[in-house]
Amino acid sequence: MIYKHFSERKPDTQYRSLLKLIQNDGEEVDTQQEEAAKKWIGYQFRFPIDNGFPLITERDLLAPGDSRSQFKMAIAELCAFLNGAQTLNEMKQFGCGWWAKWVTPEKCAKRGLPAGDLGPGSYGSAWRRFPTAEGAPFDQITALIEQIEELPHLRTLRVTNWIPQYIPRGKGRTQKVVVAPCHGDFHIHINTRKREMKLLHIQRSADAPVGLVFNLIQYAALLLMIAQVTGYTPKEVIHFVDDGHIFTKQMEDVAVLLATNPQRLPTVTLDPKVKNILDFRPQHFEVTDYYPQNPKMVIWTPV
């Protein structure tokens, strides 16, 4: 068992600490979304898995029996990206229809993409079909699993979804992705003597009240998934936020989140029968020991 007994876990305050830091000491900035924000540059979370899974408790992200719970939505999106989904239709096959508002004909046309296409610079495409100088696309996820199985001691167990030539705009350049990846660069670290695995994730941009909570779920889940299919014990998630921000319209909601009391983090377990990283789906994840506050809270997010 990778978790301490629930009574032995310490309440986690890292997420609320970031919110307070941005709220009290963040710098005010303009944004592409035409809504002012406060931001903080550089913040590191460390989540030892035995102290619980980083599913925040400041609001309820798990509606029992609801396939649209935000926990399941986060896992569904992760599974879609791992399988290389690039279009809205492909995303929908995993239950990710919420990408529709970002891939409208108007938004895609601005990037020179067909309607419904996230672009070759998007998460799934970059992870599974990274462009190379040789011409043949490179499957980073398959290669990562193979490297872990063959050479687990290496310091090169890394995956990135930042394809520089697909991102820049200006001076006649056209961005080949509807939304520049906000997350998706991660590094697996393995202690072969203890057979323990850690995952370090770098997040370029984090909407702290909304998007970040999804991404904390996704990369902790990814650690559990990779550890299970390669036979290691998941030890810790280190999640580094480059640009963490709160939009002005979110400030009242953040005050509600911060009015809660810190809680112990829950338990998340995986179906042990799944042995291939590409076969995971939301139904293979079970959450227990979850005691959130502010049920049904909806926080404003830009489109």
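It should be noted that the structure appears before, not after, this text.
Residues numbered from 1 in each chain as written. Predicted model: local features only at pLDDT ≥ 70, side-chain atom pairs only at ≥ 80, totals over all residues. Heavy atoms only, no water.

Engineer: Let's hear about the overall build of the protein chain: which residues, and what values?
Structural biologist: Within the protein chain, the regular secondary structure consists of eight helices and eight strands. With the principal axes as the frame, the protein chain shows a C-alpha extent of 55 × 50 × 35 Å. In the protein chain, buried positions account for 51% of the 303 residues. Excluding contacts between residues fewer than 6 apart, the proportion of contacts in the protein chain whose partners are at least 24 apart in sequence is 71%. If you sum the accessible surface of the protein chain, you get close to 14,300 Å²; carbon and sulfur atoms cover 50% of it. For the protein chain, the distance from the average position of its 36 positive side-chain charges to the average position of its 33 negative side-chain charges is 2 Å. (Helix = DSSP H or I, 4+ residues; strand = E, 2+ residues; numbered from the N terminus. Buried < 20%, exposed > 50% of the residue type's maximum accessible area, 1.4 Å probe, protein only. Contact = heavy atoms within 4.5 Å. Areas by Shrake-Rupley, 256 points an atom, 1.4 Å probe, with all protein chains shown as cover. Lys, Arg positive; Asp, Glu negative; His and termini not counted. Charge placed at Lys NZ, Arg CZ, Asp CG, Glu CD.)

Engineer: Pulling in residues and values, what's your account of the packing of aromatic side chains?
Structural biologist: For any pair of aromatic rings, the description rests on two quantities: the centre-to-centre distance and the angle between the ring planes. The final tally for this structure, using the stated rule, is twelve aromatic pairs. Relative to tyrosine 219, the ring of phenylalanine 186 lies with its centre 6.4 Å away and its plane at 50°, an arrangement referred to as tilted. Of this pair, phenylalanine 186 sits in strand β4 (residues 185-191) while tyrosine 219 sits in helix α7 (residues 211-230), and the two are 33 residues apart along the sequence. The buried category is assigned to phenylalanine 186, whose relative accessible area is 1%. Residues phenylalanine 247 and tryptophan 300 carry aromatic rings whose centres are separated by 5.5 Å and whose planes lie at 80° to one another, so their mutual orientation is edge-to-face. Linking phenylalanine 247 in strand β6 (residues 233-247) with tryptophan 300 in the segment after β8 (285-288), this pair joins segments that are 53 residues apart in sequence. (Phe/Tyr/Trp six-rings, centres within 6.5 Å; stacked < 30°, edge-to-face > 60°.)

Engineer: Describe helix α2 (residues 70-82), and please don't skip the residues or the numbers.
Structural biologist: An α-helical segment advances 3.6 residues per turn. Residues three or four places apart therefore align on the same side. Its 13 residues place the ends of α2 18 Å apart at the C-alpha level, agreeing with the 18 Å of an ideal helix rising 1.5 Å per residue. In terms of burial, α2 is largely enclosed, as eleven of its 13 residues are buried. Buried-residue contacts for α2 involve α3 (88-92), α5 (123-128), α6 (140-150), α7, β7 (267-270) and β8. Where α2 ends, the next residue or the one after it, glycine 84, has phi of about 80°, a positive value. (Expected span 1.5 Å × (residues − 1).)

Engineer: Could you give an account of the sheet that holds β6, with specific residues and numbers?
Structural biologist: Taken in spatial order, the six strands line up as β1-β2-β6-β5-β4-β3 in an open sheet, and their pairing is mixed. Of all strands in the sheet, those bounded by a partner on one side alone are β1 (27-29) and β3 (158-159). Pairing analysis gives two bridges linking β3 to β4, with the strands arranged antiparallel. Within β4, the position partnered with arginine 158 by the bridge is histidine 187. (Pairing = 2+ DSSP bridges.)

Engineer: Quick rundown of α6? Include the residues and the values.
Structural biologist: Buried residues of α6: Gln140, Ile141, Ala143, Leu144, Ile145 and Ile148, and no others. Tucked into the core, α6 has its buried residues touching α2, α5, β3, β4, β5 (196-207) and α7. Of the residues that open α6, the one with a side-chain oxygen 3.3 Å from the backbone nitrogen of isoleucine 141 is aspartate 139. (Polar contact = N/O pair within 3.5 Å; in protein donor to acceptor, adjacent residues only side chain to side chain.)

Engineer: Which residues make up the pairing of β6, and what values do they have?
Structural biologist: Taking burial as the measure, the 15 residues of β6 include eleven buried ones, the bulk of the element. Here eleven bridges tie strand β2 (residues 37-48) to β6, and the two strands are oriented antiparallel to one another. Bridge pairing links glutamine 44 to phenylalanine 240 in β6. Relative to β6, β5 runs parallel, the two being bridged by eleven bridges. For aspartate 207, the partnering residue across the bridge sits in β6 and is histidine 245.

Engineer: I'd like a description of the environment of leucine 118, backed by residues and values.
Structural biologist: Within the secondary structure layout, leucine 118 lies in the loop between α4 (105-110) and α5. A residue is classified by how much of its surface remains accessible, and leucine 118, at 0% relative accessible area, is buried. For the pair leucine 118 and methionine 91, spaced 27 residues apart in sequence, the C-alpha to C-alpha distance is 9.8 Å. Not counting residues up to four positions away in its chain, the partners in contact with leucine 118 are Gln86, Thr87, Leu88, Met91, Trp99, Val103, Leu113, Val177 and Val178.

Engineer: Give a detailed account of the pairing of β8, specifying residues and quantitative values.
Structural biologist: Residues Phe285 and Val287 line the buried face of β8, whereas the alternating positions Glu286 and Thr288 sit on a face that is not buried. Pairing analysis gives four bridges linking β7 to β8, with the strands arranged antiparallel. In the strand pairing of β8, valine 268 is matched with valine 287.

Engineer: So what about unusual backbone geometry? Which residues, and what values?
Structural biologist: Not every positive phi belongs to a glycine, and lysine 171 is a case in point at roughly 55°. Tracing the sequence through the fold places lysine 171 in the loop between β3 and β4. Judged by relative accessible area, which is 83%, lysine 171 ranks as exposed. Phi at asparagine 294 takes a positive value of approximately 55°, unusual for a residue other than glycine. With respect to the helices, strands and loops of the structure, asparagine 294 is situated in the segment after β8.

Everything listed here is a matter of geometry and, on its own, says nothing about what the molecule does.
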